[in-house]
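Spelled out, the chains give:
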Amino acid sequence: MKTFSPKPQDLTHNWYIVDASDVVLGRLASQIANVLRGKTKPTYAPHADSGDFVVVINASKFVTTGNKDSKNLYRHSGFPGGLRAASYSELRDKDPERVIKSAVKGMMPKNKLSAVQLKRLRVFPGEDYPYQAQKPVKLEIAKINQQAK
């Protein structure tokens, strides 16, 4: 029996919507990474771009466990002394899109295909999003099972 290899005309990109309120950041990122890569489809192939679009709403309401609120996200301007750090608790209020995108990027493979797949991730801090015309399907992710901090 020959191994199935999807052709470009066989690939479809569906739209999913994820509500990030009261969901642990790592669990959210791993589920989103699987959908972006297409691992939830029976026609998955690592070399083919069979992933779907993911819209994340309520991004500012994700939950971190343990002591990760003091964990920092770094960026560098490229100039001497250009290292900037911001904690997760600061970024949750200021730029939750950056936190979720960096968590998902860390769970994607390090290759050129993942850069294309990451462009299908759309993150919004509130309830409103402009993709109602695509009719996204709700994707359920298990909520936190302990008390939120």
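Predicted, not measured: the structure shown is a model, and the values here were computed from it.

### What about the pattern of salt bridges?
Then step 1. This model, assessed by the stated rule, comprises five salt bridges.
Then step 2. For the salt bridge of D49 with R120, the shortest nitrogen-to-oxygen distance reads 2.8 Å. With D49 in the loop between α1 (25-37) and β2 (53-57) and R120 in the loop between α4 (112-118) and β5 (121-123), this pair connects stretches of sequence that are 71 residues apart. Each member of the pair, D49 as well as R120, carries the same accessibility label: buried.
Then step 3. Across the pair D69 and R92 runs a salt bridge, and its minimum N-O distance is 3.4 Å. Pair noted here: D69 is in the loop between β2 and β3 (72-76) and R92 is in helix α2 (residues 88-94), with a separation of 23 residues, a long-range link.
Then step 4. Take R92: its relative accessible area is 16%, and that puts it in the buried class.

### Concerning the sheet that holds strand β6 (residues 137-138)
Sheets are built from strands that pair by backbone hydrogen bonding, the pairs being arranged parallel or antiparallel.
Then step 1. Read across the open sheet, the four strands follow the order β5-β2-β1-β6; overall the sheet is parallel. The open sheet has two edge strands, β5 and β6, and neither has a second partner.
Then step 2. Relative to β2, strand β1 (residues 15-19) is paired through five bridges, and the arrangement is parallel. Bridged to W15 within β2 is F53.
Then step 3. Of the strands in this sheet, β1, β2 and β5 touch α1, which is tilted by about 155 degrees from β2.
Then step 4. On top of the sheet, helix α3 (residues 96-106) reaches β2 and β5; it is set at about 155 degrees to β5, its chief contact.

What counts, and where the lines are drawn
Residues numbered from 1 in each chain as written. Predicted model: local features only at pLDDT ≥ 70, side-chain atom pairs only at ≥ 80, totals over all residues. Heavy atoms only, no water. Salt bridge = Lys/Arg side-chain N within 4 Å of Asp/Glu carboxyl O. Helix = DSSP H or I, 4+ residues; strand = E, 2+ residues; numbered from the N terminus. Buried < 20%, exposed > 50% of the residue type's maximum accessible area, 1.4 Å probe, protein only. Pairing = 2+ DSSP bridges. Contact = heavy atoms within 4.5 Å. Axes fitted to C-alpha atoms, helices over the stretch in contact; angles between N-to-C directions.

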